[in-house]
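Working through the structure, step by step
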Amino acid sequence: MRSYAFCPITESKINERVTRVNAVLTLLILIAFALTQHVVLMVMLAVDFFFRAIPYSKFSLVVMTSRNLVKYFPDAVSLINAGPKIFAARIGALITVLIVLSMAFSLSSLAIALTGLLGIFAFLEGAFGICVACKIYPYLYDFLYK
């Protein structure tokens, strides 16, 4: 499903299949955290999101794994603009940092709620190609710049 929402645009292109596999791997990490509550998983995911957000995805373990997995898919290349995915990675980085801080201050219920929220975002991207960041970007833009 393609989104034609107003979203940040860059000159670089990325493989949509890779971003969807990124979302599935992120969802698996979030499920592992929800089951174990090992904060190391969220620290690793926050660092990974940071690399995707700045954008230095070549250092992201999730992206490297996704690229290797996508090689086995038929019709494995579908290029899209990188801007929305970079914005989504920034939101992911923010939420994972909030999860780590929640765990540091013994607010595990808040951490699990934020994990669930990020999990929903990752599920929608991985399963249906729905970029929640693209849906909220126009509202954020209006709030900040108008």
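Our structure is the block above this text.
Okay, so let's go over this structure.

Thresholds, definitions, all that
- Residues numbered from 1 in each chain as written.
- Predicted model: local features only at pLDDT ≥ 70, side-chain atom pairs only at ≥ 80, totals over all residues.
- Heavy atoms only, no water.
- Helix = DSSP H or I, 4+ residues; strand = E, 2+ residues; numbered from the N terminus.
- Expected span 1.5 Å × (residues − 1).
- Buried < 20%, exposed > 50% of the residue type's maximum accessible area, 1.4 Å probe, protein only.
- Arc of directions from axis to C-beta.
- Contact = heavy atoms within 4.5 Å.
- Phe/Tyr/Trp six-rings, centres within 6.5 Å; stacked < 30°, edge-to-face > 60°.

**Structural notes on helix 5 (residues 108-128)**
Along its 21 residues, helix 5 runs 29 Å from first to last C-alpha, staying within 8% of the 30 Å computed at 1.5 Å per residue. Buried within helix 5 we find A111, L114, T115, L118, G119, A122, E125 and G126. Seen along its axis, helix 5 keeps its buried residues to an arc of 145°; they face one direction. On its buried face, helix 5 is in contact with helix 1 (16-36), helix 2 (39-53) and helix 4 (83-104). Just past helix 5, the residue G129 takes up positive phi, approximately 70°.

**Topic: the packing of aromatic side chains**
According to the stated counting rule, one finds seven aromatic pairs in the structure shown. Plain terms: the ring middles of F50 and F51 are 6.0 Å apart, the flat faces sit at 55° to each other, and that makes the pair tilted. By relative accessible area, which is 25% here, F51 ends up partly exposed. The structure contains a cluster of three or more aromatic residues connected by ring pairs, namely F50, F51, Y56 and F59.

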